[in-house]
Amino acid sequence: IACFVWTYKKRKTKVVCASQPFFLYIICAGTLMMGSSLIPNSLLTFDFSQNILNGSCASSAWLFHVGFVVTNSALFSKTKRIFEIMVAGGQYRRIKVRPLDVMKPFFILLSIALIFLIMWTTISPSAYVQVPIETSRDRFGRITS
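Residues numbered from 1 in each chain as written. Predicted model: local features only at pLDDT ≥ 70, side-chain atom pairs only at ≥ 80, totals over all residues. Heavy atoms only, no water.

Take the nonpolar core next. One recurring pattern in soluble globular proteins: nonpolar side chains tend to sit buried together. Core analysis: the largest hydrophobic core is formed by 13 residues, its most contacted members being I26, V66, V70, M103, F106 and L110. Mapped by element, the contributors of at least two residues to this core are α3 (21–36), α5 (50–90) and α6 (104–123). When sequence neighbours within four positions are dropped, the list of residues in contact with L110 reads V66, V69 and V70. (Core = buried A, V, L, I, M, F, W, Y, C linked by side-chain atoms within 4.5 Å. Buried < 20%, exposed > 50% of the residue type's maximum accessible area, 1.4 Å probe, protein only. Helix = DSSP H or I, 4+ residues; strand = E, 2+ residues; numbered from the N terminus. Contact = heavy atoms within 4.5 Å.)

Taking 1.5 Å as the rise per residue, α6 with 20 residues should run 28 Å; its terminal C-alpha atoms sit 28 Å apart, in good agreement. Buried residues of α6: P105, F106, L110, A113 and L117, and no others. All buried residues of α6 project into a common sector of 125 degrees when viewed along the axis, lining one side. Residues of α6 that are exposed and angled more than 90 degrees away from the buried face: K104, I108, T122 and I123. At its buried positions, α6 is contacted by α3 and α5. (Expected span 1.5 Å × (residues − 1). Arc of directions from axis to C-beta.)

Applying the stated rule across the entire model yields four aromatic pairs. Each ring, one from F22 and one from F23, has its centre 5.5 Å from the other, and the planes form 75 degrees; the classification is edge-to-face. On the accessibility criterion, F23 (0% relative accessible area) is buried. An angle of 80 degrees between the planes, with centres 5.4 Å apart, marks the rings of F106 and F107 as edge-to-face. F107 gets classed as partly exposed once you look at its relative accessible area, which sits at 47%. One cation-aromatic arrangement involves R11 over Y8; the distance from NZ or CZ to the ring centre is 4.0 Å. (Phe/Tyr/Trp six-rings, centres within 6.5 Å; stacked < 30°, edge-to-face > 60°. Lys NZ or Arg CZ within 6 Å of the ring centre and 35° of its normal.)

What follows covers the side chain of T7. Here T7 is to be found in helix α1 (residues 2–9). For T7, the side chain forms a polar contact with the main-chain oxygen of C3, separated by 2.7 Å. In contact with T7, not counting residues within four places along its chain, are V16, P21, L24 and Y25. (Polar contact = N/O pair within 3.5 Å; in protein donor to acceptor, adjacent residues only side chain to side chain.)

Laid out in structure tokens, this is it:
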């Protein structure tokens, strides 16, 4: 969130303008989603019903995967934009590439990820299972493994 606010405040400076603030906002959103996938995982330590724990597992996977795809798709789209500018520069012609012109790969990759997540959730839904760990104890009752 701090990076998002910093980018917004400094969006008029040369360095941030050159870094393409539109894509920086998307990268911030993606990393926020990946980081927030830890919140459902923290619910697993409490004694909730099985349905809540199953939903927590599924939402954690969704948040992490969508956040990962959003972050990396934004980086890919940003790189594609720079590539188009460099190709046009090599041909000595002026070009203006808007952020929405290179967002096709972003939406394609995000759509593919969402299709896979929907298929994963419907075909094999996540289920929380707690497996006890077998431990060995020494002669004083201390856990050794």
